[in-house]
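Here are the chains, one letter per residue:
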Amino acid sequence: MRVWFITGASRGFGALVAQRALDRGDAVVATARNPKAIVDRIGAHPDLLALALDVTRESEAVAAAQAAIDRFGRIDVLLNNAGFGLMGAVEEASREEIEAVFRTNVFGLLAVTRAILPHMRKARSGRILNISSIGGYRGSAGFGVYGATKFAVEALSEAMRAELNPLGIHVTAIEPGYFRTDFMDASSLKVSRIVIPDYSATAGRVRANAGTVNGAQPGDPDKLARVLVDFAGEPDPPVRLPLGADTVAAIEAKHASDAAIIARWREVALSTGF
């Protein structure tokens, strides 16, 4: 039996992974700002501990981590799932909107991870799964600020992997493409209030098409949940796990584009050395 600690567990990927982990006999510490929403979604279960946690409040993260240890004695898998999106051109995003999405997606992830790592280090074991995105590997118009938070998650995941592997703790950035969750709903995706007409052909087009995309995404969230629960037992997990044909295609396209840049600008790049 593994003990999971899942943020943002009242809906979306978090709720699906929590349910599947319980079904396979694992224990789950499921957290959300409203823990009643977790029980309403998943139901009561003897191995489910639903806790209130606003990831932007470090003291709540420390208290939740200790409550998990008090109840189950350890934390085997941390799934950093809490987060939300922001759609709009970079210039259209206000300071308040930018700070809010970074506060949850980056600083919240850091607060929870830092609260749980002392317990994992003491045990010399653990898995950290950080939900990134296709937007954490390549930037795109209309999602620049959101993508920046996920680029940060990728960098943190790579660094922590190097720091924690010698201690028996594995870290992986999970990179979903477009899945049929509520991510495109108003509950998970904020839209910049400012609209600048000059961006109508780029970020504006993304904003206009968002409604047609919602519900028609190619990814099956139930299959993703099954993959993640199985992946938690992988003995040699990779630093990143792309999920979805669209993510694979985006990564391959970026590799080809970067290779072309190096080929075109190799002499200039090398000219800066000794």
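One can find the structure itself at the top, above this paragraph.
Throughout this description, residue numbers start from 1 for each chain and increase along the sequence as written. In keeping with the model being predicted, local features are shown solely for residues with a pLDDT of at least 70 and side-chain atom pairs are shown and tallied solely at 80 or more, while totals for entire chains, interfaces and linings include all residues. Each side-chain value is worked out from all heavy atoms of the structure, with water and hydrogens disregarded.

Caption draft 1: Spotlight on the overall build of the protein chain. Across its full length, the protein chain holds eight helices and nine strands. For a compact globule of 274 residues, the expected C-alpha radius of gyration is about 19 Å, and the protein chain comes in at 19 Å, within 12% of that figure. Principal-axis analysis of the C-alpha atoms gives the protein chain an extent of 55 × 50 × 35 Å. Scored against the burial criterion, the 274 residues of the protein chain give a buried share of 47%. Surface summary for the protein chain: the accessible area is close to 13,200 Å², and the carbon and sulfur share equals 56%. Residues scored as positive are Lys and Arg, those scored as negative are Asp and Glu, and His as well as the terminal groups of each chain are ignored. In this description, the location of a charge corresponds to atom NZ of lysine, CZ of arginine, CG of aspartate or CD of glutamate. If you average the places of the 31 positive and of the 30 negative side-chain charges in the protein chain, the two averages end up 2 Å apart. Numbering goes from the N terminus for both helices and strands, where a helix is a DSSP run of H or I of at least four residues and a strand is a run of E of at least two. Radius of gyration here is computed from C-alpha atoms only, and the compact-globule reference equals 2.2 Å multiplied by the residue count raised to the power 0.38. Relative accessible area decides the class of each residue, using a 1.4 Å probe on protein chains only: under 20% of the type maximum gives buried, over 50% gives exposed, and in between gives partly exposed. Note on areas: Shrake-Rupley, 1.4 Å probe, and residue coverage restricted to the protein chains presented here.

Caption draft 2: Representation of helix α4 (residues 95-123) within the structure. Over its 29 residues, α4 runs 41 Å from end to end, which matches the ideal 42 Å to within 8%, given 1.5 Å per residue. Two residues or fewer after α4 comes Arg124, characterised by a positive phi angle close to 55°. A helix is expected to span 1.5 Å for every residue after the first.

Caption draft 3: Structural view of the pattern of salt bridges. Whenever a carboxyl oxygen of Asp or Glu lies within 4 Å of a side-chain nitrogen of Lys or Arg, that contact is scored as a salt bridge. Taken as a whole, this structure holds 15 salt bridges when the rule is applied. We note a salt bridge from Glu158 to Arg240, for which the minimum N-O separation is 2.6 Å. Placement of the pair is Glu158 in helix α5 (residues 144-164) and Arg240 in strand β9 (residues 240-243), with a sequence separation of 82 residues. You can call Glu158 partly exposed: its relative accessible area is 39%. The exposure class of Arg240 is partly exposed, given its relative accessible area of 23%. Taken together, the shared-partner salt bridges connect Arg33, Asp54, Arg57 and Glu60 into one network.

In short, geometric facts, not functional conclusions.
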